[in-house]
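A structural walkthrough
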Amino acid sequence: MNEFDFGAFWNSLKSARKRILLNCCIAAVVALVIGFSIPKLYMAEASLASEQSEEMPGLGGLSSLSSFLDIKKGTDAIGPDLYPDVISTNDFLVDLLYVRVRTIDGNELTFQDYLKKHTRVPWWSYAGIGFRKLKNKLVPPKSVNKRGKNEKINPTHLSLEDEALVGGLRGMVTCNVNEETGVINLSVQAQDPVVAATMVDSVMAHLQDFITSYRTNKARVDLDYYQNLEVSTRSDYEQAKHAYANYCDTHQGLALQSYISEQESLENEMQITFNVYSQVRQQVQAAQAKVQEKTPAFTVLERANIPNLPFTPKKSLILFSCLFLAFFGTLGLIYIRLLFFDKPAKD
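Residues numbered from 1 in each chain as written. Predicted model: local features only at pLDDT ≥ 70, side-chain atom pairs only at ≥ 80, totals over all residues. Heavy atoms only, no water.

Each helix and strand in the chain was counted, giving twelve helices and six strands. A buried classification covers 30% of the 347 residues belonging to the chain. In the chain, 78% of the contacts between residues at least 6 apart in sequence involve partners at least 24 apart. For the chain, the computed accessible surface area is about 23100 Å², with 57% contributed by carbon and sulfur atoms. (Helix = DSSP H or I, 4+ residues; strand = E, 2+ residues; numbered from the N terminus. Buried < 20%, exposed > 50% of the residue type's maximum accessible area, 1.4 Å probe, protein only. Contact = heavy atoms within 4.5 Å. Areas by Shrake-Rupley, 256 points an atom, 1.4 Å probe, with all protein chains shown as cover.)

Judged by side-chain charge, D81, D85, E179 and E180 come together as a negatively charged surface patch. Take D81: it is sitting in the loop between α3 (61–69) and α4 (83–87). (Patch = residues over 30% accessible without salt bridge, like charges linked within 9 Å, V, L, I, M, F, W, Y side chains within 5 Å. Salt bridge = Lys/Arg side-chain N within 4 Å of Asp/Glu carboxyl O. Lys, Arg positive; Asp, Glu negative; His and termini not counted. Charge placed at Lys NZ, Arg CZ, Asp CG, Glu CD.)

The next subject is the packing of aromatic side chains. Per the stated rule, a full pass over the model turns up eight aromatic pairs. With a centroid separation of 6.0 Å and 15° between ring planes, the pair formed by F111 and Y114 is classed as stacked. Here the residue F111 and the residue Y114 both occupy positions in helix α6 (residues 111–117), the gap between them amounting to three residues, near one helical turn. Between Y237 and Y277, the ring centres sit 6.2 Å apart and the planes meet at 0°, which makes this aromatic pair stacked. Of this pair, Y237 sits in helix α10 (residues 217–250) while Y277 is found in helix α11 (residues 257–294), placing the two residues 40 residues apart along the sequence. (Phe/Tyr/Trp six-rings, centres within 6.5 Å; stacked < 30°, edge-to-face > 60°.)

Right, let's get into the pattern of salt bridges. Within this structure, the stated rule accounts for eight salt bridges. With its nearest N and O atoms 3.1 Å apart, the salt bridge here joins R102 to E108. A relative accessible area of 44% means that R102 is categorised as partly exposed. On the basis of relative accessibility, which here comes to 47%, the residue E108 falls in the partly exposed class. One continuous salt-bridge network, built from bridges that share partners, spans R100, R102 and E108.

Summarising the element assignment, V195 is placed in helix α9 (residues 193–215). Judged by its relative accessible area of 0%, V195 is buried. In this structure the C-alpha to C-alpha distance between V195 and R100, which are 95 residues apart in sequence, comes to 9.4 Å.

In structure tokens, the structure reads:
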């Protein structure tokens, strides 16, 4: 190993300047080939805030009990910090595959068909795709889950093709939640700018539906129960009212005590069923108010805009990186050769 001599190193650099320039030119060509081979990706963004409703007055003990139980804010099992996990689930992503989109060329199709037929890959990826196709023909993969041609995708039984499709979509959709402000930032990347804007709107709508469904689930279950009970009690009241009216019509002018007692009994029965029906009706109205109370209000802070410039590839960054590697890589090789392989000059 030779001792480092700056003068010798500088002379080696001057003598190798043509090689350095040639390597940088080759790196620039490689960078341009890479930059223009990678398909353009456009990213559309949107942001919204979810507002939690206050307890509505006038619900009596139900409101007081809810206030007592909700002493700690944010007791939801699925809070804003878990929304990114919700968006990455198979159920959420599979629903997005059936959203209808319109490309910048005016073609209207499902997002699933767009991903399959209208997306490009770099030219060097075709080697891997061809190898996988050949491998699948020679050794067909044994997939437990299979799907028919016209059969919808089952999120819990994904075929190999569907699994790859959902996995690719998972990398295209991003959700970030600001812990301090609670603002939900959504973004979608696609090779078509119009499709990217459409899909980020769809992701926002699906997320709003999920949050609304989750927060109102218990209230809607209670509402269904009281509505079914209302139908039953109304039927009992109608039957009691019909029996009382029919008895009065068929026993007019009779003064026997037994007839009067039976009439009073039917009247009491009708009044009891009416009171029960009236109370259940009030419960239905309270349950409807509870559903409205639990329904969150959303504020769209930033709507999706069709991007004008692609998000990737960043050609200037690729060019700078290749030139940097070529220049300093060549310097490193010259230094290593001077340090380890060239013989030191004798005095």
